[in-house]
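Examination of the molecular architecture
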Amino acid sequence: MEEVVEPRNIRTALRRVRQNQGSPGMDGMTVGELPKYLAESGEAIRAQLLGGTYQPKPVKRQPIPKKGGGVRELGIPCVLDRFIQQAILQVLQPRFDPTFSEHSYGFRPGRRAHDAVRAAQRYIQEGRRWVVDVDLEKFFDRVNHDVLMGRLAKRIADKRMLGLIRRYLEAGMMADGVVQERHEGTPQGGPLSPLLANVLLDEVDKELERRGHAFARYADDCNVFVRSQRAGRDAMEALKRLYAKLRLRVNEAKSVVARPWSRKFLGYSFWIAPGRQVKRRVAPEALKAMKDRVRGMTRRTGGRSISSVAQELREYLGGWKEYFQLAETPRVFGDLDGWVRHRLRALQLKQWKRGSTVYRELRARGLSSDAAARVAGNTRRWWRNASMALNIALPATLYDRLGVPRLAGGPQPSEPPDTDPYVRWCGRGVAGPTRYPLSRFGKQESASCWRSSEATRHWRKSRTSLFRS
């Protein structure tokens, strides 16, 4: 405990908490208020920690919807407790981490999810074409306190440290103004929870190593790769017994022995390329979740400007691209780029509303009179109109300037003028020729000298002649 309250460790912990920011806990204290509070009460808190009398506050319950349905409960400790947990983590992690399995990648210094995905790819390439995918039911909510403390007691001799960790585990959770007692689980949201999870599951890792299995684990996501279905079933039964000793429940409905390309691991899946090369791809579930999120951002009833939508897309797609940069499917990313920009063009048409406005804006952006008239004459079909020569009036470079990131690396191929390559992604039909190919639009005319009123009158005449034909 003396190492926890050592001044250098305290300063490092304070700096990390301030960098991580985060919302206030049940007491309402913000990260910005923590330094002043420590200046006033730091000595008293230090004495309580050294004396083994410090009592953590209950965490604030924050339900988070899960992608597959249901709710994940996030427990947000108050800022002071996050600071103390960070100080404890900085002392325990350097001691515990070297003893963990090399197959464990979650929440460890110098390791990340990408390393686990690469390891899984390597195992499959070596010929392990079956995966044992075990799903633990509400892992962080089901951690048994006695079992966990028994594992910690084998590693920690300081009774004050063990008592403080026990009190953190048993601190209540505030929901709707009422503090509820907790008898199991380690709430997600505190700096110490991932380390405690690794301590508990390390026993399973060591047993899998002893049996010679090839596996990769990230927190409670563990995939074991074997060479036959029978070996996979044996490994599944062994894992169920190991988890039962830790009093953890296996979700029977989601735990299977299957081919690895039919399963997802940390958002990724795999496919077999020519030459029997195993390559990485974004799992279909992750692609669907991404497209649902983008649809929500680019919905045509949001009443937001294109620049604000682009800002939201920049923040989300930038992080999405960074995480899924390992995917070896450039064509998929290229099609996603086109689909995102197609939605942005449809949103722009919706915001222009009137046919006269659409015609005027398209002419001002270099579209021919005939092409602009055909788009403006059918202004209610936003999605189909977004594929009618608008890659000229609203090119991809426009959205580059707005900051919308491209998911496919390198220079982008030009969009085919006479085809709609996006329908296979949105499920609205089969890709093929558009109703009005560019070859019928004729030579583009400069619109720099057109006044708005003249453009509107010309659009009305074109619209009349178009409907008569």
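That block above? That's the structure.
Cut-offs and rules
- Residues numbered from 1 in each chain as written.
- Predicted model: local features only at pLDDT ≥ 70, side-chain atom pairs only at ≥ 80, totals over all residues.
- Heavy atoms only, no water.
- Helix = DSSP H or I, 4+ residues; strand = E, 2+ residues; numbered from the N terminus.
- Buried < 20%, exposed > 50% of the residue type's maximum accessible area, 1.4 Å probe, protein only.
- Contact = heavy atoms within 4.5 Å.
- Areas by Shrake-Rupley, 256 points an atom, 1.4 Å probe, with all protein chains shown as cover.
- Pairing = 2+ DSSP bridges.
- Axes fitted to C-alpha atoms, helices over the stretch in contact; angles between N-to-C directions.
- 1 Å grid on protein atoms, 1.4 Å probe; cavity = no way out; pocket = protein on both sides within 12 Å on 5 of 7 lines; lining within 4 Å.
- Points joined across faces, edges and corners; volume = space filled by probe spheres on them.
- Nonpolar A, V, L, I, M, F, W, Y, C, P; charged D, E, K, R; others polar.
- Phe/Tyr/Trp six-rings, centres within 6.5 Å; stacked < 30°, edge-to-face > 60°.
- Lys NZ or Arg CZ within 6 Å of the ring centre and 35° of its normal.

This part takes up the overall build of the protein. Looking only at helices and strands, the protein features 19 helices and 10 strands. Residues counted as buried form 49% of the 469 residues belonging to the protein. Within the protein, contacts between residues separated by at least 24 positions form 72% of all contacts whose residues are at least 6 apart in sequence. Total accessible area computed for the protein in this model is approximately 23,300 Å², and 49% of it derives from carbon and sulfur atoms.

Turning our attention to the sheet that holds strand E7 (residues 221-226). The 4 strands are arranged E6-E7-E3-E8 in an open sheet whose pairing can be described as antiparallel. Each of the sheet's edge strands pairs with one partner strand only, and the pair in question is strand E6 (214-218) and strand E8 (256-258). Taken over all neighbouring pairs, the strand axes of this sheet differ in orientation by 20° on average, direction set aside. In this structure, E6 lies alongside E7, joined through 5 bridges in antiparallel fashion. From the neighbouring strand, Ala 216 faces E7, where its bridge partner is Asn 223.

Right, let's talk about empty space enclosed by the protein for a bit. Under the counting rule described, the total for this entry stands at 3 cavities of 30 Å³ or more. Approximately 140 Å³ is the volume found for the largest cavity. Forming the walls of the largest cavity are 16 residues, and the residues nearest its centre are Gln 85, Tyr 168, Thr 186, Pro 187 and Ser 193. For the lining of the largest cavity, the secondary-structure elements that each account for two or more residues are helix H3 (79-96), helix H7 (159-170) and helix H8 (193-210). Residue classes in the lining of the largest cavity are distributed as 8 nonpolar, 5 polar and 3 charged.

With that out of the way, let us pick up the packing of aromatic side chains. Applying the stated criterion across every chain, the model contains 8 aromatic pairs. Here the aromatic rings of Tyr 268 and Phe 324 are separated by 5.2 Å at their centres, their planes lie at 50°, and the arrangement is tilted. Remark: Phe 324 occurs in the loop between helix H11 (306-323) and helix H12 (330-352) and Tyr 268 occurs in strand E9 (residues 268-273); sequence separation between them is 56 residues. Side by side, Tyr 268 and Phe 324 carry an identical accessibility label, which is buried. Their ring planes at 40° and their centres at 4.7 Å tell us that Trp 320 and Phe 324 sit as a pair that is tilted. On the basis of relative accessibility, which here comes to 7%, the residue Trp 320 falls in the buried class. Among the aromatic residues, those joined into a cluster by ring pairs are Tyr 268, Trp 320, Tyr 323, Phe 324 and Phe 333. Of note, Arg 122 hangs over the ring of Tyr 123, and the distance from its end group to the ring centre comes to 5.4 Å. Above the plane of the ring of Trp 339 lies Lys 291, whose end atom (NZ or CZ) is 4.6 Å from the centre.

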